[in-house]
Each structure stands twice: as structure tokens, then as C-alpha cells.
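# Examination of the molecular architecture
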Amino acid sequence: MSSSDNTLDDLASSIKGIDDLVEEAIQIYELDKEKTNITDELYNSLRTITNYLGFSIDINPRLLNLPDDTRIILMPSLDLLVIKSNFKSEQKRLDQLSLDETSNILKLIIPNIVNMARADRVVKNEKIAFVREATKRLKRLPGSNTEDIMVTDSSLQIEGI
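Before going into details, it helps to say that this report is about the structure given with it. (Residues numbered from 1 in each chain as written. Predicted model: local features only at pLDDT ≥ 70, side-chain atom pairs only at ≥ 80, totals over all residues. Heavy atoms only, no water.)

## Remarks on the pattern of salt bridges
- Inspection of every chain in the model, using the stated rule, returns 8 salt bridges.
- Close ionic contact of R71 with D58 constitutes a salt bridge, the shortest N to O distance being 3.1 Å. Here R71 is found in strand β2 (residues 71-74), whereas its partner D58 is found in strand β1 (residues 57-59), with 13 residues between them in sequence.
- The shortest N-O distance in the salt bridge between R62 and D68 comes to 2.9 Å. (Salt bridge = Lys/Arg side-chain N within 4 Å of Asp/Glu carboxyl O. Helix = DSSP H or I, 4+ residues; strand = E, 2+ residues; numbered from the N terminus.)

Written as C-alpha cells, this is what we have:
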């Protein structure tokens, strides 16, 4: 084997390495693009739900590698309000965090939001049941049917249809 054969083998190996590098870079680029699209979809869908529910949740500062004396509140808009120990604050959007930070926060907040929503549903259900029962009992009064109610206020003018 001559030195020119070794040089050709080295060149071929280098070209193969470049091809492998390009292929890996393309795959990483595609994954980053997919990550961005999925993160945007997740953020927009979750923000719709959290805005509707209106819950705010305290986040453990260690999830963002911040000191324990930092307070983090996830707002319904999915903005993170970071209050430092000197009482200065800053805001970050959930979708601006790293994938690891976002994943860790989601693992924490999803069960909490479900529990809060469940508790809210129970309270609303109890209030609706109370109003329903009150309405049912009031309907037992004679003349409580809306068709039987007569307008006796002379200030109201009713025109013929």
C-alpha cells in the first residue's frame, strides 16, 4: 500500500466524516424545529386553559436553579413572576425557558392545576345545587309560574305584539 493510497483512504474517511456530521446537524436542526413547534403548541393550549381557570401557582425556585429565598409565581397567562430576595422582580414567559426547566415545571403544575380545577368544580357544583334547590322550593309558591305573574307596575308600558 502506497502513501497515495493512504492519503486517498484518509480523504475518503474525512469526506465520510463530513457527510456524517452534516446528517447529524440536519437531524439536530429538525429536532430543534420540532421542539419549537411543539413548545409553541403546548404553550398556547395550556395558556388558554390557565387563563380560563385563573389559577396562580407557586413554583419551587430550585426548578430554575434560583436561591431558596426567591419566590416564583406562575400566573394564568403562563408568565413567571420571579421575586428576588431584595424584592425586585422580573417576568419570564414559560415558553422562554429551557426544555428541562419547562418539563420540570409542567410535572409540578399539571397535577396542581387538576386538583385546583377539581376543587373549583366541586364548589361551583355545590352553589348551583343550592340555587337549583332554592328555585325548586320557590316554584312551589302559588302564582310563582312565570306565565302567571302579572305586571302591576304602571310605569311599564307593554305594547301589543
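## Focus on the pairing of strand β4 (residues 89-93)
- Bridging between strand β3 (residues 79-83) and β4 involves 5 bridges; their strand directions are antiparallel. Directly across from L80, in β4, lies its bridge partner K92.
- Remark: 5 residues form the turn of the hairpin made by β3 and β4, two consecutive strands paired antiparallel; F87 in that turn has positive phi of roughly 70°. (Pairing = 2+ DSSP bridges.)

## Examining the nonpolar core
- Ranked by size, the top nonpolar core spans 16 residues in total, and within it I59, L80, L94, I105 and I109 carry the most contacts.
- Of all elements in the fold, only α1 (3-53), β1, β2, β3 and α2 (99-138) reach the threshold of two or more residues within this core.
- Element by element, the count of residues in this core is highest for α2, at 4 residues.
- Setting aside chain neighbours within four positions, we find I105 in contact with I59, L63, L64, L80, L94 and L97. (Core = buried A, V, L, I, M, F, W, Y, C linked by side-chain atoms within 4.5 Å. Buried < 20%, exposed > 50% of the residue type's maximum accessible area, 1.4 Å probe, protein only. Contact = heavy atoms within 4.5 Å.)

## Notes on α2
- Taking 1.5 Å of rise per residue, 40 residues should cover 58 Å, and α2 covers 56 Å from first to last C-alpha, within 8% of that figure.
- Along α2, the helix axis deviates most sharply at I109, where the bend reaches about 25°; the proline P111 sits within four residues downstream. (Expected span 1.5 Å × (residues − 1). Bend = angle between axes of the 7 residues up to and from the residue.)

## Quick look at the side chain of D79
- For D79, the position within the fold is in strand β3.
- Buried charged residue D79 carries no salt bridge. Nearest counter-charge: R93, at 5.3 Å.
- Among the polar contacts made by the side chain of D79, one reaches the side chain of S77 at a distance of 3.3 Å.
- If we ignore the near neighbours within four places in the chain, the residues touching D79 are Y43, I73, L74, Q91, K92 and R93. (Lys, Arg positive; Asp, Glu negative; His and termini not counted. Polar contact = N/O pair within 3.5 Å; in protein donor to acceptor, adjacent residues only side chain to side chain.)

## Re unusual backbone geometry
- Unlike most non-glycine residues, L78 shows phi in positive territory, near 65°.
- Mapped onto the fold, L78 is located in the loop between β2 and β3.
- One non-glycine residue, F87, adopts positive backbone phi at about 70°.
- Tracing the sequence through the fold places F87 in the loop between β3 and β4.

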